[in-house]
Amino acid sequence: MTRHLIGLLVLLIAGLIYPWILPSALTVGVTILLFAGWATAWDILGGWAGQVSLGHACFVGIGAYFVAIGATEYAMAPWWTILMAIAVASVLALAWGSLTFKLHGPYFTLSTIAIAEMLRLVAINEDWLTGGATGVFIDWLPTPFGIDLFARETQYYLALAFAVGVMATIIGISRSRFGYQLRAVREDENSAMAAGIDPTRTKLKAFMLSASLTAVGGGIYGMMLSFLEPHILFYLLLSVQIALTGIIGGRGTIWGPLVGAVLLVSAGEIFRTSFAEANLLIYGVLILLVILFLPSGIIGEFNRRLTRRLYARRAQG
Amino acid sequence: MAELVSLLQNLSNGLLIGGVYAMIGVGLTLIFGVMRTINFAHGDFVVMGMYTAFVFNMILGWDPYFSLLVALPAGFLLGVLLERVVLAPIVDKPHETSLLATLGISLIIGNGLLLIFGGESKSVHVDYASMALSLGEVKISVILLLAGAVTALVIGGLYLLLHHTEFGRSIRATAENRLGAELVGINTRRIQGAVFGLGMMLAMTAGVALIPLLFATPTATGPILTLKAFVVIVLGGLGRVGAAVAGGLVLGMVEVLGAAYIASAYRDAYGLLFFLIILLFKPEGLFGRSVKRV
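1. Considering the overall build of chain A
Looking only at helices and strands, chain A features 15 helices and two strands. Here the C-alpha atoms of chain A give a radius of gyration of 20 Å, agreeing with the 20 Å that 2.2 N^0.38 yields for 317 residues. Overall size of chain A, expressed as C-alpha extent along the three principal axes, is 65 × 50 × 40 Å. Burial status across chain A gives 56% buried among its 317 residues.

2. Quick notes on the nonpolar core
In this structure, A:Leu34, A:Phe59, A:Leu244 and B:Phe45 are the most contacted members of the largest nonpolar core, which totals 197 residues. It is helix 1 (residues 2-35) of chain B that provides the largest number of residues to this core, a total of 14 residues.

3. What about helix 9 (residues 221-236) of chain B?
For helix 9 of chain B, spanning 16 residues, the distance from its first C-alpha to its last is 23 Å, which sits close to the expected 22 Å at 1.5 Å a residue. With respect to burial, helix 9 of chain B is a largely interior element, 15 of its 16 residues being buried.

4. Comments concerning the layout of surface pockets
Left-over empty space is what a probe sized like a water molecule reveals as it rolls over the atoms. Reported here for the largest pocket is a volume of approximately 1,300 Å³. Along the wall of the largest pocket there are 45 residues; nearest its centre are A:Gly47, A:Arg186, A:Glu187, A:Arg251 and A:Gly252. Mapped by element, the contributors of at least two residues to the lining of the largest pocket are helix 1 (2-21), helix 2 (26-48), helix 5 (106-125), helix 8 (177-187), helix 14 (281-293) and helix 15 (297-316) of chain A together with helix 4 (95-117) of chain B. Here the residues of the lining of the largest pocket sort into 18 nonpolar, 17 polar and ten charged. Put simply, the second largest pocket is a space of about 860 Å³. Residue lining of the second largest pocket: 30 residues in total, with A:Ile232, A:Gln241, A:Arg272, A:Asn279 and A:Leu280 positioned closest to the centre. Residues belonging to the lining of the second largest pocket are distributed by class as follows: 17 nonpolar, ten polar and three charged.

5. Quick word on helix 2 (residues 42-60) of chain B
Given 3.6 residues to a turn, an α-helix orients residues that are three or four positions apart in the same direction. An ideal rise of 1.5 Å per residue puts 27 Å on 19 residues; helix 2 of chain B measures up with 27 Å between its terminal C-alpha atoms. Just beyond helix 2 of chain B, the residue with positive phi is B:Gly61, at close to 70°.

6. Looking at the interface of chain B and chain A
A common way to express how large an interface is: the accessible area buried when the components associate. Listed per partner, the contact involves 43 residues of chain B and 43 residues of chain A. For the pairing of chain B and chain A, the buried interface totals around 3,800 Å² over both sides, and the portion due to carbon and sulfur atoms is 80%. For the pair chain B and chain A, the interface holds one residue pair in polar contact (both at pLDDT 80 or more). Top contributing element to the side of chain B that touches chain A by residue count: helix 4 of chain B, with 15 residues.

7. Comments concerning unusual backbone geometry
Residues other than glycine seldom take positive phi values, yet A:Ala75 does so here, at roughly 50°. Looking at where A:Ala75 falls in the secondary structure, it is placed in the loop between helix 3 (57-74) and helix 4 (78-100).

8. Describing the confidence of the model for chain B
Residue and element names in this part refer to chain B. Summarising the model, chain B shows a mean pLDDT of 86, and 95% of its residues fall at 70 or more. Taken as a whole, residues 290-294 scores under 50 in pLDDT and shows ten contacts with residues more than four places along the chain or in a different chain. Scored as a complex, the prediction yields pTM 0.86 and ipTM 0.83.

9. Observations regarding empty space enclosed by the protein
Using the criterion set out here, one finds three cavities of 30 Å³ or more in the structure. When residues of the lining of the largest cavity are traced back to their parent elements, those giving at least two are helix 12 (236-249) of chain A together with helix 4 and helix 9 of chain B. Looking at the lining of the largest cavity element by element, the count peaks at five residues for helix 4 of chain B. In terms of residue class, the lining of the largest cavity is made up of seven nonpolar, five polar and one charged. Its volume calculated, the second largest cavity comes out at about 80 Å³. Around the second largest cavity, the lining residues are A:Glu117, B:Ile224, B:Leu227, B:Lys228, B:Val231, B:Leu251, B:Glu255, B:Asp268, B:Gly271 and B:Leu272. Sorting the residues of the lining of the second largest cavity by element identifies helix 9, helix 10 (241-261) and helix 11 (267-281) of chain B as the ones contributing at least two each. The leading source of residues in the lining of the second largest cavity is helix 9 of chain B, at four residues. Of the residues assigned to the lining of the second largest cavity, the class counts are five nonpolar, one polar and four charged.

10. What about the pairing of strand 2 (residues 138-141) of chain B?
Residue and element names in this part refer to chain B. Both strand 1 (residues 132-135) and strand 2 contribute to a ladder of four bridges, which runs antiparallel. Counted as the bridge partner of leucine 135 is valine 138 from strand 2. Taking the residues between adjacent antiparallel strands as the criterion, strand 1 and strand 2 are bridged by two residues, where glycine 136 takes a positive phi near 65°.

11. Here's the deal with the packing of helix 2 of chain B against helix 8 (residues 188-210) of chain B
Residue and element names in this part refer to chain B. Two numbers describe how helix 2 lies on helix 8: the axes approach to 7 Å, and their chain directions differ by 50°. By the angle between their axes, helix 2 is oblique relative to helix 8. Considering the relative orientation of helix 2 and helix 8, their crossing is right-handed. Of the residues in helix 8, those touching helix 2 at His42, Phe45, Val46, Met48, Gly49, Met50, Thr52 and Ala53 are Phe196, Gly199, Met200, Ala203, Met204, Ala206, Gly207, Val208 and Leu210. Its residues placed into classes, the contact of helix 2 with helix 8 shows twelve nonpolar, five polar and no charged.

The rules behind each value
- Residues numbered from 1 in each chain as written.
- Chains lettered and ligands numbered in written order.
- Predicted model: local features only at pLDDT ≥ 70, side-chain atom pairs only at ≥ 80, totals over all residues.
- Heavy atoms only, no water.
- Helix = DSSP H or I, 4+ residues; strand = E, 2+ residues; numbered from the N terminus.
- Rg over C-alpha atoms; globule rule 2.2 N^0.38 Å.
- Buried < 20%, exposed > 50% of the residue type's maximum accessible area, 1.4 Å probe, protein only.
- Core = buried A, V, L, I, M, F, W, Y, C linked by side-chain atoms within 4.5 Å.
- Expected span 1.5 Å × (residues − 1).
- 1 Å grid on protein atoms, 1.4 Å probe; cavity = no way out; pocket = protein on both sides within 12 Å on 5 of 7 lines; lining within 4 Å.
- Points joined across faces, edges and corners; volume = space filled by probe spheres on them.
- Nonpolar A, V, L, I, M, F, W, Y, C, P; charged D, E, K, R; others polar.
- Contact = heavy atoms within 4.5 Å.
- Buried area = accessible area lost by both parts, 1.4 Å probe.
- Polar contact = N/O pair within 3.5 Å; in protein donor to acceptor, adjacent residues only side chain to side chain.
- pLDDT = per-residue confidence, 0-100.
- Pairing = 2+ DSSP bridges.
- Axes fitted to C-alpha atoms, helices over the stretch in contact; angles between N-to-C directions.
- Parallel < 35°, antiparallel > 145°, perpendicular 65-115°, else oblique.
- Left-handed = near helix turned anticlockwise from the far one by under 90°.

Below you can see the structure in the form of structure tokens.
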């Protein structure tokens, strides 16, 4: 636990120094931090509770659209609209989970894609609400204490706070009663039930937490884009990217999603020059390599080897 | 009277489109039945079929249906190869592993096509695209009819293969009980490769049949078709060829009737909504016997 908190402190310091070292790469920094936060939030459901969702883009979309519509139509500040997005995302997760958690394995994954895809169709077709396929342009944001929320630097610090906040949450969960319940449900629902854990309730809590944290990141992403289109925010590929970031880094680990985000976003940036818009090709190649050669993800594999070495040393000594 | 004509018109369109969905679904259900693998790249295989027809039309001026000569063997061989390299090594891992691996294949195919052909959508124009047969006042589009004929031929052929050959019996035995099949001397590893090849071949054939009807875009069309194929097999009941055909026809009907009588913008949503409802209340599928949970 203390080890993880020290790690988090190091991340925070590194994050604060980053804009001075690489001032030209602020956008990449925001993207890495947002994906680290999203993938960690995804992992609460996907890694710790073992329910693979490929629909998380819809929570990103909810966060972003609440911020945008609130600001442009009602002159509402993002902190209020993000609170509203959290409420809507958790209610949606509650309803969605209560309906679908009786489905197992691949059926649950398929239902997440179907629900997110339906929300995308709503966002495209209901022009009065979302501006439809032409999108919404954020033309106003408040300036609390003279801080410019349109500035990339402000957005960077918001994204840093988001990522560190989500990671602090998962560190807290990992040692809590809830964390053990999650792992018990993931390993074997029947045994968990025998131990007095309600699997559906546990999964619902994980889903609601995961959804609302994702929506917070979505709100920051909305400010960063400032021009929102349904085919970016509700897209299946965004859901896939979020999930793959968590999986490649290592599911059910604390640092996996961050490692996944650093690796995938920077790989995406490097290959963007050679592959242009086809830069997700590298995600496909990486996921195959990880699955064939590092099945528990980068951090998962690292932990496995570390444990093995510790046991070996203990056996010798 | 006019309403009846338009209803019959919609029903016939739904049936014919459903036939193509059935062909996509049959390949997926075959793979699922034998390998218990959710093949996330299935829609991208269909798109590969579409691009095959497009390339041969562009370079050699071939009629799309003529490119089946290439698409059929290429699909089979590619499928066997993919199974050998990617899926065979992870056959005993939990189900998400193969789902993610095929998701990786899907990203590679979609973005590979994007890299080679660029992002604009592709189609093949044929002269008979606008032709239609008249049955009374109901018009039946020639392309849809051709696609339906190809579907019927392919599914009929598959049925004969599965039920009247030794190879087909081995496939069905492997799907029914892998261990039992191995005990009677069936090489289930080889069967799995062949089934993935067959599935990819069916998907590419569907792509060839679809290209005069539908635009193909590298990364967008594949996932949509994958989702539709899943809707088809869940509607029908997982793992059975006949049920996938029925599921395909139902999906075609639901989409066409929903678009005609509710709102056309939500065409894709009706199938998904129907799918969720079936999933929640009758997870064994509309036409399925109760199946083992995966």
